Amino acid sequence: MQGVNASPTTASMPARLLNRSIGKKILMSFSGLVLLGYVVGHLIGNLQIFVGQNALNAYAVFLHSIGAWLWIIRAFLLAMLIIHVWTALRLYFENRAARPIGYKRKVYQEATLSSRTMIWTGIGVFLFVVYHLMHFTLIITNPQYSHLEDALGRHDVYSMVILGFQNYLISAVYIVSIAIVSYHVAHASKSMFQTWGLNDTNFEKILHPATVIFAWLIFLGYVSIPIAVLTGFVKLPEGVI
Amino acid sequence: MALDSQVPSGPMSEKWDKHKFDLKVVSPANKRKFHIIVVGTGLAGGSAAASFAELGYKVTAFCYQDSPRRAHSIAAQGGINAAKNYQNDNDSVYRLFYDTVKGGDFRSREANVYRLAQLSENIIDQCVAQGVPFARDYGGELANRSFGGALVSRTFYARGQTGQQLLLGCYQALARQIGLGAVEMHGRSEMLDLVVVDGHAKGIIVRDMVTGEIKSYAADAVVLATGGYGNVFYLSTNAMGCNVTAAYRAYKKGAFFANPCYTQIHPTCIPVHGDYQSKLTLMSESLRNDGRIWVPKKKGETRSPNDIPEDERDYYLERKYPSYGNLAPRDIASRSAKEVCDEGRGVGETGMGVYLDFSDAINRLGEDTIRARYGNLFHMYEKITDENPYQVPMRIFPAPHYTMGGLWVDYNLMSNLPGLFVIGEANFSDHGANRLGASALMQGLADGYFVIPYTIGHYLAGVTPGEVKADHGEFKKSEEDVKQRVHKLLSIDGKRTVDDFHRQLGRLMWEECGMARNEEGLKKALEEIPKIRDEFWENVKVVGENEELNQCLERAGRVVDFLEFAELMCEDALDRDESCGGHFREEHQTEEGEALRNDDNYTHVSAWEFTEVGKKPNLHKEPLEFEEVPLAQRSYK
Amino acid sequence: MNLTLYVWRQKNAGDKGRMDKYEAKDISPDMSFLEMLDVVNEDLEREGKDPIAFDHDCREGICGTCSLNVNGVAHGPEKGTTVCQLHMRNFKDGDKIYIEPWRAKAFPVVKDLIVDRSAFDRIMQAGGFVSVGTGGAPDANAIPISKEAAEDAFDAAACIGCGACVAACKNASAMLFVAAKVSHLANLPQGKVEAKRRVVNMINQMDLEGFGNCTNYYECQAACPKEISVKFIAQMNREYFRSLRYKEK
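Residues numbered from 1 in each chain as written. Chains lettered and ligands numbered in written order. Predicted model: local features only at pLDDT ≥ 70, side-chain atom pairs only at ≥ 80, totals over all residues.

**Topic: the overall build of chain B**
The following threshold applies: A run of H or I in DSSP becomes a helix once it reaches four residues, and a run of E becomes a strand once it reaches two; helices and strands are each numbered from the N terminus. This radius of gyration counts C-alpha atoms alone. The globule rule is 2.2 Å times how many residues there are, raised to the power 0.38. What counts as a contact here is a pair of residues whose C-beta atoms, placed from the backbone, lie within 7 Å.
Looking only at helices and strands, one finds 17 helices and 19 strands in chain B. Computed over the C-alpha atoms, the radius of gyration of chain B is 24 Å, within 12% of the 26 Å expected from 2.2 N^0.38 for a compact globule of 637 residues. For chain B, the C-alpha atoms occupy an extent of roughly 75 × 60 × 50 Å along the three principal directions. Of the contacts made within chain B by residues no fewer than 6 positions apart, 74% connect residues no fewer than 24 positions apart.

So, in structure tokens, the structure goes:
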């Protein structure tokens, strides 16, 4: 019954973050928050599509105009992504190891499906991000749209997006993927407040519904774009094939 | 042999202070050379082990549970008394002392009780400092309630889980010492014998309940904090594992057993519901603060309680004891319940129950207030009985709960065997023939935190540390005895299960040596018990082997000792030809059916010395003197 | 009623273990779950077979010894109840009942349904206390404590250390157990003094014992027989944040 190790309070702060379970929670939540911030910012940018061709293309030009900053931001996001994924994988394998023999019967009473499937929705999100970058940023999957230009000679992102989503398959993949992202976000945003210790008595009343609404907003916001394209609400400008 | 209680001279209020100064003290440098064994780590043992370790002694502690946090002290619901007088209701050390002596029906040792009342204040301070979350008022001060037959509010509580919170406080103190390496803790370990060398207790034999290994542990002093023997009745409010083995083994090695017939039957328990029942559940006595106890006036009443009109109900406690009413002491409340049930006015399927009715309190205070006060108890009741006590009166019946008797100890809490100390429920000293509510926690912690840490030093200062090692011949002999007993149990291979024998013994004890006893019944029990014991040794079936976790064997070992101990209990009950507190001899009662003491012949402690199994033990008497509280007939009218 | 039980049997820590089938006959709905097992066991004993070993002691829901996973739920289907207080009226004739021990690397099986929970004791030894010795405590009313703080502390302190939180958690995490003790003491002025040191030490020990990480499933609070809230885990997280820069001198 005895044998407690010598006091660990002399361990350094990074060690406590990297190696202790709550430290890992903190890393997950902060890297997740940054990525979540990106998801929101990206959505706001994307929604420019409803303003029109000019607005969206100008936004794209603006992003490229900040030059080095863009790369710094991208590097930062990548770092956060790596921390998030790396910690997630560590947690996953540690947690599996914590129960080497499972139950013959196991019934969950409170743990939601979204909470229990974070690793899988997470992998889904990751695969989607890779595909999404190849589609719109690196323009590998549909290179035929890479040379579109608008009347001002800017890269015509607007038309590229519309042409992309006019493909039912691409739209379907996109909508399903966004659903997965939102499902991931649903548990993540709630979980984040718990990790930060903000889950007090008011939490259930206000924050919990707020996180659900938030996840729905993310879903509806993103999905509105392919839907708008498919229903013809957003149309190709004149002159594009 | 003359029993020297070691009670110091001088005025009552100065005895302890004077005695403390007279006690020898072990120097700090020498303390670590002394090794103390503590058996049982509930409130008494846990607090003692932690305190010894803080002082610098080397401590090895044992408990049969997997962790010290699970000792049965945890189940105490109501609270802990302390003479703080925080409520300004004229409480004092003297009043707590007086109440306890009187409540014990003048069969306790005055000096011990006075010390207990004095130390009660320190206990609360200590527990608060440890972080025990006692109930508080809005001003931030500690809340109190009146409890179990007290006229003042001196009971501190933590909802209905006071025992749990106090035990956790004590467990945390112990955990700290284990973590520091000052206490070596052995869970899932059962003491099976005491080892005495040249008249001094020098160690114990322990069975590791996981591996079956039987091992000797030597020390300079042995402290038993192994609780009471209520499970001799099979059904009691004790935990399933509670047993008399450690105390009984010490008795067989020469320690005197005092007043074994003093058993407390708690008035508010959930009635028995079937043969398969394994234990009885206590409902805190605090329920009696707001609940009214009654039975129908008519025998064989079949109407449901809510249909019985007010004038056909007999609120018998209020009728018989107008000033205390439903708060009459435990022994009186229990006996009155038995009386009305014997008259055929009991309620429920078995007729063994009385109503505890909250409808008046709910009408007066509202359901929310009652829920706030007793919500968890009502919830528990509903879970067990499937009845909603907010709507239907509870049914309650007395059940064996606490045992005031125990190993004889002097003022230093040392038994007649030098080096063997006994604390908490396992000793006999403070409660006399009846314990008041909220006093058990108080006694356990007073013994462990504030008495034995001083008195054990006095003993140790007189012995050479490490004198006897575990390879001494006496250890080998005891180990062999234990192993043989285990071997014998496993080889009988009879037809009846261990529980079957335990149930049979329990039923007999409940009938003949329970709430009311008489000469005829006790003599009958004394004839029956050896028969059950003989059959046990021929016809019990203990499956499995020793070298494994074997719960069947564990139970068998405990029942073996209950089968011998029951006889001692009946001998004592027969010998004590008077009624006092929890010991009610039907031959001795007043016209109103109250316990009638015989002070001329029985104002003494009966301390029994083991002779031989099946033979009558030798009786030693420690006379009791009452200087402060004059002997009087208890009256709660 | 008659029931079919599927029970985990494992002779000792080294044995591989398996599920065995038993029939429980003539079970009264008023029995507790453990009394039902007693009946099965007494029959086994009469037949000379090894009875099913399971941990239990007080049988009134407070000692935290009993620890059975019943039909996939720690302590069985009734909320806020230890398995010793679970009554057979929650089941019906012909039911199949799966009974398994707590499953966690940190809680190795000792025999059948009994597991070794000493990991909890070691976590407590690492810091689950207030470092005060016996004696010298100031008067109990010297430090006023608000009723709310005392109630909050109590809500957390109600933990019985049974381990159902670990058993229920998908990750076998002990966070609710540790959080209950950390929060209990941090909510009281007496415990606040060493709150930082405590949380660091207890979390450290918790990790060393091989429990999983908390990923906020909240399954623990659903299984907890004392219904301890996950808000105490949130509180512990706050305490851990505060202690990040704490260093022992």
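More follows now that the structure is in view.
**Some details on the overall build of chain C**
Our working rule: Think of it as a crowd count around each C-beta: if 20 or more other C-beta atoms lie within 10 Å the residue is buried, if 12 or fewer it is exposed, and in between it is partly exposed, with C-beta placed from the backbone throughout.
When helices and strands are tallied, chain C shows 9 helices and 7 strands. Dimensions along the principal axes, computed over C-alpha positions, put chain C at roughly 60 × 35 × 35 Å. In chain C, which comprises 249 residues, the share counted as buried stands at 66%.

**Some thoughts on the domain arrangement of chain B**
Residues and elements named next belong to chain B. We count it as follows: Domain delimitation in this document rests on an assignment produced automatically or drawn from a domain database. Just so you know the grouping, Ala, Val, Leu, Ile, Met, Phe, Trp, Tyr, Cys and Pro go in nonpolar, Asp, Glu, Lys and Arg go in charged, and all remaining residues, Gly too, go in polar.
Annotation of chain B at the domain level lists domain 1 (266-400) and domain 2 (473-608). Taken together, the contact pairs 6 residues of domain 1 with 6 residues of domain 2. Considering each element in turn, the side of domain 1 that touches domain 2 owes the most residues, 5 residues, to helix 9 (residues 330-342). Within the side of domain 1 that touches domain 2, the residues separate by chemical class into 1 nonpolar, 1 polar and 4 charged.

**Here's the deal with the interface of chain C and chain B**
It is common to give the size of an interface as the accessible area lost on bringing the parts into contact. Tallying the contact residues gives 67 residues for chain C and 66 residues for chain B. Those elements that place two or more of their residues in the side of chain C that touches chain B are helix 1 (33-46), strand 6 (109-111), helix 2 (118-127), helix 3 (147-157), helix 5 (175-186) and helix 6 (189-192) of chain C. For the side of chain C that touches chain B, the leading source of residues is helix 1 of chain C, giving 7 residues. Tallied by class, the residues present in the side of chain C that touches chain B amount to 27 nonpolar, 22 polar and 18 charged.

**Let's talk about the environment of leucine 35 of chain A**
Residues and elements named next belong to chain A. Looking at the secondary structure, you find leucine 35 in helix 2 (residues 21-46). Sequence spacing of leucine 35 and leucine 81 is 46 residues, and the spatial spacing of their C-alpha atoms is 7.2 Å. Sequence-distant contacts of leucine 35, that is, excluding residues within four places in its chain, are made with Met80, Leu81 and His84.

**Side note on the environment of leucine 185 of chain C**
Its location among the elements puts leucine 185 of chain C in helix 5. For the pair leucine 185 of chain C and alanine 195 of chain C, spaced 10 residues apart in sequence, the C-alpha separation works out to 7.5 Å. Residues contacting leucine 185 of chain C, with those up to four places away along its chain left out, are Gly131 of chain B together with Val130, Gly191, Ala195 and Arg198 of chain C.

**Let's talk about the packing of helix 14 (residues 498-513) of chain B against helix 16 (residues 551-575) of chain B**
Residues and elements named next belong to chain B. Test applied: Inter-axis angles, ranging from 0 to 180 degrees, are taken between N-to-C directions of lines fitted to C-alpha atoms, where helices are fitted over the stretch in contact. In what follows, roughly perpendicular refers to angles from 65 to 115 degrees, roughly parallel to angles under 35, roughly antiparallel to angles over 145, and oblique to any angle outside these ranges. Each helix crossing is assigned a hand: it is left-handed if the near helix lies turned anticlockwise from the far helix by less than a right angle, otherwise right-handed if that turn is clockwise.
Interhelical geometry of helix 14 versus helix 16 gives an angle of 20° and a closest axis separation of 10 Å. Regarding the angle of helix 14 to helix 16, the classification is roughly parallel. Regarding helix 14 and helix 16, the two cross each other, and that crossing is left-handed. Mapping the contact onto sequence places Val498, Phe501, His502, Leu505, Met509 and Cys513 in helix 14 and Cys552, Arg555, Ala556, Val559, Phe562, Leu563, Ala566, Met569, Cys570 and Ala573 in helix 16.

**A word on the domain arrangement of chain C**
Residues and elements named next belong to chain C. Annotation of chain C at the domain level lists domain 1 (3-110) and domain 2 (118-243). Listed per partner, the contact involves 18 residues of domain 1 and 16 residues of domain 2. Of the residues assigned to the side of domain 1 that touches domain 2, the class counts are 8 nonpolar, 8 polar and 2 charged.

**Here's the deal with the nonpolar core**
Basically, it comes down to this: To count as a nonpolar core, a set of buried Ala, Val, Leu, Ile, Met, Phe, Trp, Tyr and Cys residues must be joined through C-beta atoms within 7 Å.
If you look at the biggest cluster of nonpolar residues, it comprises 311 residues, and the most contacted ones within it are Val223, Leu224 and Leu407 of chain B. Looking at this core element by element, the count peaks at 14 residues for helix 16 of chain B.

**Quick notes on the sheet that holds strand 4 (residues 73-74) of chain C**
Consider a sheet: its strands pair through backbone hydrogen bonds, and that pairing is either parallel or antiparallel. Residue and element names in this part refer to chain C. Stated formally: In short, DSSP must find at least two bridges between two strands for them to pair.
Reading across from one edge, 2-1-5-3-4 is the order of the 5 strands in this open sheet, with mixed pairing throughout. If you trace the sheet from one side to the other, it starts and ends with strand 2 (18-24) and strand 4, each paired once. Each of strand 1 (3-9), strand 2 and strand 3 (69-70) is contacted by helix 1, which is oriented at about 90° to strand 2, the strand it contacts most.

**With respect to the packing of helix 14 of chain B against helix 15 (residues 519-539) of chain B**
All names here are of chain B. Their axes nearest at 10 Å, the elements helix 14 and helix 15 cross at an angle of 175°. If you check the angle between helix 14 and helix 15, you find them roughly antiparallel. Touching Phe501, Gln504, Leu505, Leu508, Glu512 and Cys513 of helix 14 are Gly521, Leu522, Lys524, Ala525, Glu528, Ile532 and Phe536, all from helix 15. Residue classes in the contact of helix 14 with helix 15 are distributed as 8 nonpolar, 2 polar and 3 charged.

**Description of the sheet that holds strand 8 (residues 214-218) of chain B**
Residue and element names in this part refer to chain B. The antiparallel open sheet is built from 3 strands, whose spatial order is 6-7-8. Both edges of this open sheet fall to strand 6 (189-197) and strand 8, since each of them pairs with a single strand only. Direction aside, neighbouring strands of the sheet carry axes that sit 25° apart on average. The pairing of strand 7 (residues 200-208) with strand 8 spans 5 bridges and is classified as antiparallel. Across the sheet, residue valine 206 finds its bridge partner in strand 8, namely lysine 215.

**Structural notes on the pairing of strand 7 of chain B**
Residues and elements named next belong to chain B. A large share of strand 7 lies buried, amounting to 7 of its 9 residues. As consecutive antiparallel partners, strand 6 and strand 7 are separated by 2 residues, and within that stretch aspartate 198 has a phi angle of approximately 50°, a positive value. Counted between consecutive antiparallel strands, the loop separating strand 7 from strand 8 contains 5 residues, among which glycine 212 sits at a positive phi close to 85°.

**Section: helix 14 of chain B**
Residues spaced three or four apart along an α-helix face the same direction, because each turn holds 3.6 residues. Residues and elements named next belong to chain B. Rules: Here a helix's expected span is defined as the number of its residues, less one, multiplied by 1.5 Å. The directions from the helix axis to the C-beta atoms form the arc being described.
Between its first and last C-alpha atoms helix 14 spans 21 Å; for 16 residues at 1.5 Å apiece the expected length is 22 Å, and the two agree. Taken together, the buried positions of helix 14 are Val498, Phe501, His502, Leu505, Gly506, Leu508, Met509, Glu512 and Cys513. Angularly, the buried residues of helix 14 cover 165° about the axis, an arc narrow enough to put them on a single face.

**Some remarks on the pairing of strand 9 (residues 221-224) of chain B**
A regular strand carries its side chains on alternate faces of the sheet. All names here are of chain B. Here strand 9 shows two buried faces, one formed by Ala221 and Val223 and the other by Val222 and Leu224. Pairing between strand 1 (residues 35-39) and strand 9: 4 bridges, direction parallel. From the neighbouring strand, isoleucine 36 faces strand 9, where its bridge partner is alanine 221. Sheet analysis places strand 9 next to strand 17 (residues 420-422), joined by 3 bridges and oriented parallel. In the strand pairing of strand 17, valine 223 is matched with phenylalanine 421.

**Details of helix 7 (residues 195-208) of chain C**
Under the 1.5 Å per step criterion, the end-to-end length of helix 7 of chain C is 20 Å for 14 residues, consistent within 8% with the ideal 20 Å. Where burial is concerned, most of helix 7 of chain C is hidden: 12 out of the 14 residues are buried. Within the sequence span of helix 7 of chain C, burial applies to Ala195, Lys196, Arg198, Val199, Val200, Asn201, Met202, Ile203, Asn204, Gln205, Met206 and Asp207 of chain C. Looking at the buried side of helix 7 of chain C, the elements it contacts are helix 2 of chain A together with helix 2, helix 5, helix 6 and helix 9 (231-243) of chain C.

**A few points about unusual backbone geometry**
Despite not being glycine, aspartate 493 of chain B has its phi angle at roughly 50°, a positive value. Within the secondary structure, aspartate 493 of chain B sits in the loop between helix 13 (473-492) and helix 14. Here arginine 59 of chain C, not a glycine, exhibits a phi torsion of approximately 55°, which is positive. One can find arginine 59 of chain C in the loop between helix 1 and strand 3. The class for arginine 59 of chain C is buried, based on 25 C-beta atoms found within 10 Å.

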